[in-house]
Amino acid sequence: LWRLPSCERLAELRFQDSVGTLALGHGYLATGCDDGELSIWLAPAPAPVKHLLSLAQAGSGCWACSVALRGDVVACALSDRSVAAFVLPSGERLFRLAFDDMVLSVALDGRLLACGSRDGSTTLWRLPTGNRLLGFDHEPVENAVAGGADVGPVPIYAVALEDGLLACAPN
């Protein structure tokens, strides 16, 4: 962890498994590992990085695909086709959602959670309830090699939410 623009090295965190995703914001650092564990750290204000809590999310063979932080909420998408949201600093789970396909990306804006899936769908959920607001599928892309035929759903690898706008980045 580095402080900018001074490039002061603040911390080097060690993990038992690979970190596949992370998010930084509002005084927290969230790390999602290949063992499915979501860890929350207090990011330095001037103090050193301090581990706050670990939220083991799944059994063996499950990994964290995406994590998002906004205010006092953290959301994590897991390879077991679920997304969970938690309140910080307590770690109390707000909800856990099940999906038909793996969620590759999550984003928070304080009121909504956006989830982009491998099946080409994007779904919006209300915070803090986890109630579904809307969902839509993205148009399949044409494959020039296949003579313009549809090649199926386009995975949504990144989503972003801000001020009433939703951005989706398909493959």
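Structure first, text after, so check above.
Before going into details, it helps to say that this report is about the structure given with it. These numbers were taken from a predicted model, which means no experiment stands behind them. (Residues numbered from 1 in each chain as written. Predicted model: local features only at pLDDT ≥ 70, side-chain atom pairs only at ≥ 80, totals over all residues. Heavy atoms only, no water.)

Take the pattern of salt bridges next. It is possible for side chains bearing opposite charge to pair when their charged atoms get close. For the structure shown, the criterion picks out seven salt bridges. Of the charged contacts, one joins R9 and E12 as a salt bridge, the two residues approaching to 1.8 Å between their closest N and O atoms. In this structure R9 comes out as partly exposed when scored by relative accessible area, which is 48%. A residue is classified by how much of its surface remains accessible, and E12, at 42% relative accessible area, is partly exposed. (Salt bridge = Lys/Arg side-chain N within 4 Å of Asp/Glu carboxyl O. Buried < 20%, exposed > 50% of the residue type's maximum accessible area, 1.4 Å probe, protein only.)

With an omega of 5 degrees, the peptide bond between L4 and P5 qualifies as cis. Relative to the elements of secondary structure, P5 occurs in the loop between β1 (2-3) and β2 (8-9). Note that the residue after L88, namely P89, is joined by a cis bond; omega there is 10 degrees. Structurally, P89 is set in the loop between β9 (82-87) and β10 (93-98). The phi angle at C7 is positive, at roughly 65 degrees, despite the residue not being glycine. (Helix = DSSP H or I, 4+ residues; strand = E, 2+ residues; numbered from the N terminus.)

Topologically, V49 is positioned in the loop between β5 (37-42) and β6 (50-56). What makes V49 buried here is its relative accessible area of 18%. As a C-alpha pair, V49 and L10 span 39 residues in sequence and 7.7 Å in three-dimensional space. Ignoring anything within four residues of it in the chain, the contact list for V49 reads L1, A11, L13, W41, L42 and P44. (Contact = heavy atoms within 4.5 Å.)

Quick look at the sheet that holds β9 now. Backbone hydrogen bonds hold the strands of a sheet together, and the pairing may be parallel or antiparallel. Taking strand neighbours across the sheet as the criterion, the four strands line up as β7-β8-β9-β10 in an open arrangement whose pairing is antiparallel. Here the strands that pair on one side only, and so sit at the sheet edges, are β7 (64-70) and β10. With strand direction ignored, the average angle separating the axes of adjacent strands in the sheet is 10 degrees. For β9 and β10, the ladder comprises five bridges, and the chain directions are antiparallel. (Pairing = 2+ DSSP bridges. Axes fitted to C-alpha atoms, helices over the stretch in contact; angles between N-to-C directions.)

On to the side chain of S39, then. Within the secondary structure, S39 sits in strand β5. Exposure remark for S39: the relative accessible area of 3% places this residue in the buried category. Separated by 3.1 Å, the side chains of S39 and E37 make a polar contact. A polar atom in the side chain of S39 sits 3.5 Å from the side chain of S54. When neighbours within four sequence positions are excluded, S39 is seen to be in contact with L29, A30, T31, H51, L53 and S54. (Polar contact = N/O pair within 3.5 Å; in protein donor to acceptor, adjacent residues only side chain to side chain.)

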